[in-house]
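What the coordinates show
Next come the chains, spelled out residue by residue.
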Amino acid sequence: MSGKIRVVIAKPGLDGHDRGAKVIARALRDAGMEVIYTGLHQTAEQIVETAIQEDADVVGLSILSGAHLTLVPKVVRILRGQGIDDIVVLAGGTIPDEDHDELKREGVAAIFTPGATTGEIIEYITSVATGSAA
Amino acid sequence: MDDVRDGSRTKAEWLAGAYSWQNTRDADFTSVSSAEVEPIYDPGDRVGHDYHRELGYPGEYPYTRGVHPTMYRGHLWTMRQFAGFGGAEDTNGRFRFLLDQGQTGLSLALDLPTLMGRDSDDPRSEGEVGRCGVAMDSVLDMERVFEGIPLDQVTVSMTTNAPATILLAFYLVAAERQGVKHDQVGGTIQNDILKEYIAQNTYIFPPEPSLRLITDIFAFCGEHVPQWNTISISGYHIREAGATAAQELAFTLADGFAYVEAGIAAGLEVDSFAPRLSFFFNAHIDLFEEVAKFRAARRIWARHMRERYRAKDPRSWLMRFHTQTAGCSLTAQQPENNVVRTTIEALAGVLGGTQSLHTNSLDEVLSLPTERAAEIALRTQQVLAYESGVANVIDPLAGSYYVESLTDRMEAEAEEYFIKIEELGGVVAAIAKGFFQQEIADASYRYQMAVESGRKVVVGVNRFATGVRPAVETLRIDKEFEMRQVDSLRALRERRDASPVARGLEDLRAACADGTNVMPPILECTRAMCTLGEMVATMKSVFGVYQGSAVF
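One structure accompanies this document, and this report is about it.

**Some remarks on the overall build of chain A**
Within chain A, the secondary structure is distributed over 5 helices and 5 strands. The order of helices and strands in chain A, counted from the N terminus, is β-α-β-α-β-α-β-α-β-α. For 134 residues, the compact-globule estimate of 2.2 N^0.38 gives 14 Å, and chain A sits close to it at 13 Å. Reported as C-alpha extents along the three principal axes, the dimensions of chain A are approximately 35 × 35 × 25 Å.

**Some details on the interface of chain B and chain A**
Tallying the contact residues gives 32 residues for chain B and 28 residues for chain A. Elements with a minimum of two residues in the side of chain B that touches chain A: helix H5 (112–115) and helix H18 (435–452) of chain B. When residues in the side of chain B that touches chain A are grouped by element, the largest group, 5 residues, is from H18(B). The residue makeup of the side of chain B that touches chain A, split by class, is 14 nonpolar, 12 polar and 6 charged.

**Some words on the sheet that holds strand E7 (residues 277–283) of chain B**
All names here are of chain B. Pairing in this open sheet of 9 strands is parallel, and the strands run E5-E4-E3-E2-E1-E9-E8-E7-E6 from one edge to the other. The open sheet terminates on both sides in strands that have one partner only, identified here as strand E5 (228–229) and strand E6 (231–234). One ladder, built from 4 bridges, connects E6 with E7; its direction is parallel. Paired with Ser234 across the strands is Phe280, a residue of E7.

**A few points about the sheet that holds strand E2 (residues 34–37) of chain A**
In sheet architecture, strand pairing relies on hydrogen bonds along the backbone and comes in two forms, parallel and antiparallel. Residues and elements named next belong to chain A. Taken together, the 5 strands give an open sheet; going across it, the order is E2-E1-E3-E4-E5, and neighbouring strands pair in parallel fashion. A single partner strand is all that each edge strand has here, and the edge strands are E2 and strand E5 (110–112). Neighbour to neighbour, the strand axes of the sheet diverge by 20° on average, direction disregarded. Where strand E1 (residues 6–10) meets E2, 4 bridges bridge the pair, whose relative direction is parallel. Across the sheet, the residue bridging to Val7 is Val35, located in E2. Set on the sheet, helix H2 (residues 44–53) makes contact with E1, E2 and strand E3 (58–63); between it and E1 the angle comes to about 165°. Contacts between helix H3 (residues 68–81) and the sheet are confined to E3 and strand E4 (88–93), with E3 contributing the most and set at about 165° to the helix.

**Some words on unusual backbone geometry**
Geometrically, the link from B:Tyr61 to B:Pro62 is a cis peptide bond, its omega value of 0° lying close to zero. Inspection of the secondary structure puts B:Pro62 in the loop between helix H2 (51–55) and helix H3 (71–74). One non-glycine residue, A:His41, adopts positive backbone phi at about 60°. Mapping A:His41 onto the fold places it in the loop between E2 and H2. Of note in this structure, B:Gln334 is not a glycine but carries a positive phi near 45°. Topologically, B:Gln334 is positioned in the loop between strand E8 (321–325) and helix H14 (337–351). Residue B:Gln334 is classed as partly exposed on the basis of its C-beta count, with 17 C-beta atoms lying within 10 Å.

Rules and cut-offs
- Residues numbered from 1 in each chain as written.
- Chains lettered and ligands numbered in written order.
- Predicted model: local features only at pLDDT ≥ 70, side-chain atom pairs only at ≥ 80, totals over all residues.
- Helix = DSSP H or I, 4+ residues; strand = E, 2+ residues; numbered from the N terminus.
- Rg over C-alpha atoms; globule rule 2.2 N^0.38 Å.
- Contact = placed C-beta atoms within 7 Å.
- Nonpolar A, V, L, I, M, F, W, Y, C, P; charged D, E, K, R; others polar.
- Pairing = 2+ DSSP bridges.
- Axes fitted to C-alpha atoms, helices over the stretch in contact; angles between N-to-C directions.
- Buried ≥ 20, exposed ≤ 12 C-beta atoms within 10 Å, placed from the backbone.

Structure representation (structure tokens):
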């Protein structure tokens, strides 16, 4: 088993805007992480299943549809409900500042909104995720 | 008189001489698409070009200079702002506001459940209802959206693709209920499924049945709804996904040709449907690149339609298009700067000869537009139209050594892409191979890296950033709204007559299976109060669903 950080990049809900998710997925892969991109139209249950199957260290949820206050907490709740509390959940997309506190209270570790760089995201993930070999 | 011309005789001489004796800034001089451009263009770049062959006059083949003879001297571009959120009443309110403020056409935004063919009470719709556009479950929602708006006096564009047949039927029946007949309504449905697989991703069914639905609309409208634009072949979303200007141009036109071929394969005469094909482009911030793109688009379409598809009706050669300013160019940081960006982009659309225009609002990176932001966006168009003078002269940039060179180059790049796509087996085959998706993902990644390295500047983000995030008032969709929409939908299901619903859905299923035109049974279903989700579920049972790939 390699020591690579394993990241699932997921698109919850009906949102089809995948430009950001794809750019981040590629940047993380180029930075040496193991990246699994779920593709579009994932339910919270499907995302959690993928995260478990893929032994993810981090799950990054990309959402630009405005449904983040429903769908993002749902992912966190299902993870916790399965007794999983060591997967770091991140969110990104069209998430207004005034919603950040609520998402963080729900268990999202960090939120990356328009203007965030892949460099920042790589640095953050590297600092919080434990590689599999650790 | 002495001959005082003692300067360089050629561009090459000047580049090697006077130009090279000065330092140039350490900056990126490529277009926003990273296309190389020279410091200058001159008559030498126009050698061998023929005005009549390459340009022609406005309203004359090959239409490089504009699709109509009078252009904005005859009619200004339609100011058609995309709007929709929450429920029918909210959207009706915003429509009336925009019309009162001087908008000249309507454009309807539908929510994600509606775009994806799901009713508001579908489990997958949870949290999504009314957030990206208006929730539309039945014809009653459509009627309420247009309450007090006479559908024989205003044209409406609807951004719907996979379930376009159903939204069109909702619209036609809503018009009927206002006493307006099919042949009196005017408008557009986006109805461009190919670009969904490529970029926007609001697909439902696989390509083959989806193309059949599109040609059913061509045939139905050709006969019954003659003032309707049956499709808006789009580059906007392709560009938003990260494509370059040349890719936007090439992929959009390739999709257009694929639709022409689909119509012909379905047994339709090209001139029976081509005059009602329309297009939709992005207006990004590199003004000259965009103007060249629009001009090249008109010329390419005219040439292929006349020479390759042998369309005889000159209206089949016309590329009529709507333009939207580039959402992807806007920033969350210092959002007021977005008004400036949108202005430049709107100007590009106007200088490029667009037929209608949507200008983005300054707050759209954060949320759907507030009323105030939507007003500023509309005023931007009005200032351009009435104060700036750009509408006085048709195709004013024609003859610019730069613009003409760039127009030619964009056409040549598009033609190269057409060859590549043909080699892959055509658009549908190329989609299956992930060709467009990979091109777009690559271009998008290159651009992001260029921004992160600082080579491409984004004011307020990677230069001139202040780190200050002042609170901007944004539009919030009331959380209770979803519950009200669901209750309303359940009440509808309870009070309607069950047997016409069942009969209608069975007729629809049969038409899907036997290949007869789906529009008549969909209209029957609509009048019986079938919901969008019910009709789509019926269609899915015959057509199946499309599985997108996860290319990145």
